[in-house]
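Descriptive structure summary
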Amino acid sequence: MSKARGERAGFETVAGISRQATGAEAAWLQTPAERQAHAQRVRAIVQGKTISAEQAVQVALLNNPGLQASYADLGMSAADLWETALGPVPSVGISVSGLVSGDVTRSVEGTVASSILDMVTKRSRTRAADLEFRQAQLAAAGETLALAHETRRTWIEAVGAFEAAGLVGRAQGAADAASELAAELGETGALSRADQAREHAFNAELAAERAEARLEAQIAKEKLVRLLGLWGTGTEFYVPDSLPALPGSAPNRSNIERLALENRVDLAAGRLELEAVAARYRLTGQTRMLSDAEVAAGVEIEREDGENERSPVVDVAFSIPVYDTSGLISRRGKLEYLRSANNLAQSAINARSEARSAYSAVTGKHQIALHWRDQVLPLRREIDEQALLSYNGMLTSTFELLNDAREGLDSQLSAAEAKRDYWLAEADATAAIWGGASDNGEDE
């Protein structure tokens, strides 16, 4: 094994999961030269540039210090495995200074016994260390996916905030012109004081909304800055003024439940935990496989005389290995095994539900956003056009024109929010397949 690979033992698995799930490259930086090279790469991506969601995720995976700290846990687990595999060098050391003959004999016997015990238990300890190492790999992959998911969501929220600020800003420009016109008409007596006040109030309200929208956009960008691990002049980057247009149809992910059961890193970690419990208590006799539904329904998972009844096969199966615990004397061992098996079953049930929810959210949010774009906004534009014609023809009052303008802006903001919610749902669907979804993302 080369020195570079030895220092990054297990990271190929993490990098592979990252590429497959996010399309971005994860890097474990361990030398000043590597950190400097990646800093230059990050600077080339962001400095004075408008970055996409994919670029934001890539920068986060290269530059987030917290992620690098989680990779150190993987390195320590690899070191533990290596030390366990090598084991201590058997040796006998005798010091006779101040010891009588019987004490020397007992000292030699104790040292030899300790060396023999190390050799006898080396295989089981190596097995346990290997399982812990594989769990550390999945934990590092989970941290990588979680950061990628949070970064993508934050980019979407930041761009959505700037888009909302832009809509309010454009309405503010029109309101400023209307307010100036109202003041001029008031001086000539062509516009009552009440109508002038309505124009000015509308303009003042929009100014407050614009300031609030700009503040929300700035705060959203700062959250993105933290996730990207940037500071100083590195924060001088931009995000687009608006989110991408809606696709013509939502992605077909009717098989999302199966994909989640096959790819979720937390489920793979749960399987390893169950395997670790079996190894700890030397449960080598795997008797059969049960689905998560069967375990959750209370199917007996300790082998007894005779065959147990099994539940009907579910549509998408998630198999949980069942070991023979009948020979365990330790009550603690049986309970620990049952706990791990049921935790894994619950995790699988949660993954199924989260996948179905994500699919429903993507399709539902897409339909809602399309409705705002294709139905509501065209009607609002027609209302605005007709209201302006009526106002110019002195058929409607200023108050009615302002009310239509206010409702039109609300519709535009709602349509932008619906589009943002669709892209957030898209990001959550990817997280539902691979893992890494945050509680905040699920609750929205």
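Residues numbered from 1 in each chain as written. Predicted model: local features only at pLDDT ≥ 70, side-chain atom pairs only at ≥ 80, totals over all residues. Heavy atoms only, no water.

**Points about the environment of alanine 27**
Basically, it comes down to this: Secondary structure counts use DSSP, requiring at least four H or I residues in a row for a helix and at least two E residues in a row for a strand, with both numbered from the N terminus. Buried residues are those whose accessible area, probed at 1.4 Å on protein chains only, stays under 20% of the maximum for their type, while exposed residues exceed 50% and partly exposed ones sit between those limits. We call two residues in contact when some of their heavy atoms are within 4.5 Å.
Along the chain, alanine 27 turns up in the loop between helix H2 (11-22) and helix H3 (32-46). The buried category is assigned to alanine 27, whose relative accessible area is 7%. Here the alpha-carbon distance between alanine 27 and glutamine 68, two residues 41 residues apart in the chain, equals 8.4 Å. Not counting chain neighbours up to four residues away, the residues in contact with alanine 27 comprise Phe11, His38, Leu61, Leu62, Gln68 and Tyr71.

**What to know about the pattern of salt bridges**
Note the following rule: Each salt bridge in this description consists of a side-chain nitrogen of Lys or Arg and a carboxyl oxygen of Asp or Glu lying within 4 Å of one another.
Counting across every chain of the model gives 18 salt bridges. Two residues, arginine 134 and aspartate 130, come together in a salt bridge whose shortest N-O distance is 3.7 Å. Of this pair, arginine 134 and aspartate 130 both sit in helix H6 (residues 101-188), four residues apart, roughly one helical turn. What makes arginine 134 partly exposed here is its relative accessible area of 27%. The partly exposed category is assigned to aspartate 130, whose relative accessible area is 23%. Between arginine 420 and aspartate 421 there is a salt bridge; the shortest N-O distance is 2.9 Å. The network of salt bridges with shared partners includes Asp130, Arg134 and Glu275.

**Focus: the packing of aromatic side chains**
Note the threshold: We call Phe, Tyr and Trp rings a pair once their centres come within 6.5 Å, taking the six-membered ring for Trp, and we label the pair stacked below 30 degrees between planes, edge-to-face above 60, and tilted otherwise.
Counted according to the given criterion, the structure contains four aromatic pairs. Between the aromatic rings of phenylalanine 11 and tryptophan 28, the centroid separation amounts to 5.7 Å while the plane-to-plane angle is 50 degrees, which identifies the pairing as tilted. Here phenylalanine 11, found in helix H2, pairs with tryptophan 28, found in the loop between H2 and H3; they are 17 residues apart in sequence, far enough to count as distant. Comparing phenylalanine 11 with tryptophan 28, the two get one shared label, buried. Among the aromatic residues, those joined into a ring-pair cluster are Phe11, Trp28 and Tyr71.

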